[in-house]
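Tertiary structure, described
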Amino acid sequence: SSVNVTTPYGPALSDFTAGTISSVQVDILDNFGNLQINPTYLQDTILCEVPNIYNTNTTKLKDSRFKCDFSMTRSGKYKLFIYLNGDPLAKSPFTLPVRAAAPIAST
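Here we summarise the structure given alongside this text. From a predicted model like this one, the values you see are computed outputs, not experimental measurements. (Residues numbered from 1 in each chain as written. Predicted model: local features only at pLDDT ≥ 70, side-chain atom pairs only at ≥ 80, totals over all residues. Heavy atoms only, no water.)

All right, on to the sheet that holds strand β6 (residues 65–71) then. For sheets, the rule is that strands pair by backbone hydrogen bonds, running either parallel or antiparallel. Pairing is antiparallel in the open sheet, where four strands are placed in the order β1-β3-β6-β5. Each end of this open sheet is capped by a strand with a single partner; those strands are β1 (8–9) and β5 (56–60). In terms of strand pairing, strand β3 (residues 21–27) meets β6 through seven bridges, oriented antiparallel. Bridge assignment links Val24 to a residue of β6, and that residue is Cys68. (Pairing = 2+ DSSP bridges. Helix = DSSP H or I, 4+ residues; strand = E, 2+ residues; numbered from the N terminus.)

Set out below in structure tokens:
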């Protein structure tokens, strides 16, 4: 498994609205960019952290795939740190651009 080629992708990296749940997916890759399916490496772990945000959930999907869910209540740019077996990914931290939710009209 390689921290140099494993990168996250998904809606939270580009289109995230405050007050909603968004996510990124992380597929653990080998040094050649292939999905890591060797049983030896299926024990690899991913940890996603956003400082001062406690509603972050990392779920193992199948094989070497993980999903990280987030819910931010305020707009702004947040730093997303992703670790593979305790080591940061090469481009970590990543930016989560969270935009403000649309105002709710009063009735």
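The rest of the description comes next.
Glancing now at the environment of Asn85. Checked against the element boundaries, Asn85 lands in the loop between β7 (76–84) and β8 (87–88). Each C-alpha atom of the pair Asn85 and Ile46 lies 6.3 Å from the other, and the pair is 39 residues apart in sequence. Non-local contacts of Asn85, meaning those with residues more than four positions away in its chain, are made with Gln43, Asp44 and Thr45. Polar contacts involving the side chain of Asn85 include one to the side chain of Asp44, which spans 3.0 Å. Among the polar contacts made by the side chain of Asn85, one reaches the main-chain amide nitrogen of Thr45 at a distance of 2.8 Å. (Contact = heavy atoms within 4.5 Å. Polar contact = N/O pair within 3.5 Å; in protein donor to acceptor, adjacent residues only side chain to side chain.)

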